[in-house]
Amino acid sequence: MSQSNPFTASERRANIEGPFQREEVALANRNSGILLETLRHDVTPAGMHYLLNHFDVPYVAGDAWQVEVAGRVAKPGAISLDEIRSFPARTLPVTLECAGNGRGAMSPRYPSMPWVSEAVGNAAWTGTPLRHVLERVGLRDDTIEIAFIGADRGFDRGHEHAFGRSLKREAALSDDVLLVWAMNGQPLLPQHGFPLRLIVPGWYGMASVKWLNRIEALAKPYDGFQQVVAYQYRAQPDGPRTPITHMRVKSLLVPPGIPDWYTRKRLVDAGRVELTGRAWSGGGVPIVRVDIEIDGRWMPAELDPVLGKFAWRGWRCTW
Ligand SMILES: Nc1nc2c(c(=O)[nH]1)N[C@H]1C(S)=C(S)[C@@H](COP(=O)(O)O)O[C@H]1N2
Ligand SMILES: [Mo]
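The following refers to the structure shown. (Residues numbered from 1 in each chain as written. Chains lettered and ligands numbered in written order. Predicted model: local features only at pLDDT ≥ 70, side-chain atom pairs only at ≥ 80, totals over all residues. Heavy atoms only, no water.)

**So, the overall build of the protein**
Each helix and strand counted, the protein has five helices and 20 strands in total. Relative to the globule expectation of 20 Å for 319 residues, the C-alpha radius of gyration of the protein, 21 Å, shows essentially globular dimensions. Its C-alpha atoms give the protein principal-axis dimensions of about 65 × 45 × 40 Å. When burial is assessed residue by residue, the protein has 48% of its 319 residues classed as buried. When contacts within the protein are restricted to residue pairs at least 6 apart in sequence, those whose partners lie at least 24 apart make up 69%. Of the accessible surface of the protein, which amounts to about 16,500 Å², a share of 54% is contributed by carbon and sulfur atoms. Side-chain charges in the protein split into 37 positive and 34 negative, and the spacing between the mean points of these groups amounts to 1 Å. (Helix = DSSP H or I, 4+ residues; strand = E, 2+ residues; numbered from the N terminus. Rg over C-alpha atoms; globule rule 2.2 N^0.38 Å. Buried < 20%, exposed > 50% of the residue type's maximum accessible area, 1.4 Å probe, protein only. Contact = heavy atoms within 4.5 Å. Areas by Shrake-Rupley, 256 points an atom, 1.4 Å probe, with all protein chains shown as cover. Lys, Arg positive; Asp, Glu negative; His and termini not counted. Charge placed at Lys NZ, Arg CZ, Asp CG, Glu CD.)

Right, dumping it as structure tokens:
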């Protein structure tokens with residue numbers, strides 16, 4: 001798109017220790033986190049769901065959106081939103097967490113969105129299994145991956161690209177991977193991917209490409225920036241990289257008592273305190289037990305009913 005690249009092409013930005021930088025504060029104002037007290041809601045209201053947008057939110061007017069299906073398919077071409085919505089619909093409660101959740105509490109930390117612990121939410125997503133569209137266009141036998149490209153575009157570490165991710169063929173054909181047009185029963189909000197996004201249950205959020213406008217069947221692994229450069233586990237800065245996929249097990253607490261406005265430190269009444277929270281995992285692995293540690297003593301929590309295979313599970317215990 002651009003003639004020359006005005007941004008420096010470096011592999012990794014230098015880590016930060018100490019005070020937050022202006023860029024981190026600006027990113028934190030663009031990308032909101034869940035308010036921890038709203039972990040009480042089984043389903044996170046759309047306006048309280050965390051948000052992570054790398055580039056700009058594309059402006060989409062009206063319903064004329066189309067998804068270009070290309071690559072190793074028998075019938076390439078554009079598919080309209082109406083056609084996508086004509087396939088059988090499913091609604092799934094899915095907990096999404098950003099793979100960068102916790103980054104802001106690390107030292108040193110990578111210069112990026114400085115989440116402390118709030119990059120999580122659980123919404124009811126309505127769409128149709130991607131499988132229906134792939135069956136309609138006919139995947140060729142040599143397809144090994146499906147790539148998903150969003151309408152947003154920008155630079156990261158000197159690379160200009162549209163936000164894109166891929167899934168292995170078998171994962172993409174799961175009935176749980178959805179082309180989604182509604183969140184909590186309402187059309188997607190612009191910032192959550194209107195008019196169409198992918199939802200990949202059980203995976204960290206980066207797999208769930210928003211503003212989806214291109215699907216490509218590939219005979220070789222997808223090599224987009226967000227797939228092969230970003231989203232890798234590394235034990236050492238230059239060590240081997242393992243791609244990030246499923247969410248790992250985690251739990252959060254609804255902060256008890258009342259807060260101090262500025263520090264968010266809490267005051268609770270003396271006596272018995274009811275503690276509640278949410279626990280989740282990835283890959284559809286169920287949460288079967290939660291233990292709480294207070295002053296070195298572990299105690300079991302009681303679990304709320306299961307909301308869904310890919311949804312967080314509530315827990316409660318008395319302190
Ligand atoms: N097109 C596009 N899709 C995207 C992103 C993006 O920047 N552009 N961010 C990803 C990341 S890193 C996360 S964590 C989730 C966040 O989804 P949400 O903002 O709806 O909570 O969207 C993913 N899908
Ligand atoms: Mo993310």
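Having seen it, we continue.
**Looking at the sheet that holds strand 2 (residues 77–80)**
Ordered by their spatial adjacency, five strands build an open sheet running 2-1-10-5-6, and the pairing between neighbours is mixed. What marks the edges here is a single partner per strand, and that holds for strand 2 and strand 6 (159–168). Strand-to-strand twist of the sheet, defined as the mean angle between neighbouring strand axes without regard to direction, takes the value 30 degrees. Summarising the sheet, strand 5 (residues 145–156) and strand 6 pair through nine bridges and their orientation is antiparallel. Each bridged residue has a counterpart across the sheet, and for Gly-154 the counterpart in strand 6 is His-161. (Pairing = 2+ DSSP bridges. Axes fitted to C-alpha atoms, helices over the stretch in contact; angles between N-to-C directions.)

**Description of the site of ligand 1**
With respect to spatial proximity, 18 residues lie near ligand 1, and among them Tyr-50, Asp-152, His-192, Arg-197 and Lys-210 are the closest. A distance of 3.2 Å separates an oxygen atom of ligand 1 from a polar side-chain atom of His-49. The side chain of Arg-197 places a nitrogen or oxygen atom 2.7 Å from an oxygen atom of ligand 1. Its free accessible area being 530 Å², ligand 1 has 100% of it covered by the protein chains. Of the residues contributing to the shell around ligand 1, the split by class is nine nonpolar, six polar and three charged. (Near = heavy atom within 4 Å. Polar contact = N/O pair within 3.5 Å; in protein donor to acceptor, adjacent residues only side chain to side chain. Nonpolar A, V, L, I, M, F, W, Y, C, P; charged D, E, K, R; others polar.)

**Structural notes on the sheet that holds strand 20 (residues 313–318)**
Strand order in this open sheet of four strands is 13-16-20-19, and the pairing throughout is antiparallel. Strands at the two margins of the open sheet, each flanked by one partner only, are strand 13 (250–253) and strand 19 (302–303). By the bridge criterion, four bridges tie strand 13 to strand 16 (residues 274–280) in an arrangement that is antiparallel. Each bridged residue has a counterpart across the sheet, and for Ser-251 the counterpart in strand 16 is Ala-279.

**A closer look at the pattern of salt bridges**
Counted under the stated rule, the structure contains 16 salt bridges. Residues Arg-131 and Asp-175 are paired through a salt bridge, measuring 2.7 Å at the closest nitrogen-oxygen approach. Here Arg-131 is found in helix 3 (residues 130–137), whereas its partner Asp-175 is found in the loop between helix 4 (169–172) and strand 7 (178–183), with 44 residues between them in sequence. Overall, the relative accessible area of 22% leaves Arg-131 in the partly exposed class. Since its relative accessible area comes to 34%, Asp-175 is described here as partly exposed. With a shortest N-O distance of 2.9 Å, Asp-304 and Arg-316 are connected by a salt bridge. Taken as a pair, Asp-304 in the loop between strand 19 and strand 20 and Arg-316 in strand 20 lie far apart in primary sequence, twelve residues in all. Judged by its relative accessible area of 15%, Asp-304 falls in the buried class. (Salt bridge = Lys/Arg side-chain N within 4 Å of Asp/Glu carboxyl O.)

**Looking at the packing of aromatic side chains**
Applying the stated rule across the entire model yields two aromatic pairs. Pairing Phe-7 with Phe-155 gives two aromatic rings, centres 4.6 Å apart and planes at 55 degrees, and the pair type is tilted. In this pair, Phe-7 sits in the segment before helix 1 (22–30) while Phe-155 sits in strand 5, placing the two residues 148 residues apart along the sequence. Given a relative accessible area of 45%, Phe-7 falls into the partly exposed group. A relative accessible area of 26% means that Phe-155 is categorised as partly exposed. (Phe/Tyr/Trp six-rings, centres within 6.5 Å; stacked < 30°, edge-to-face > 60°.)

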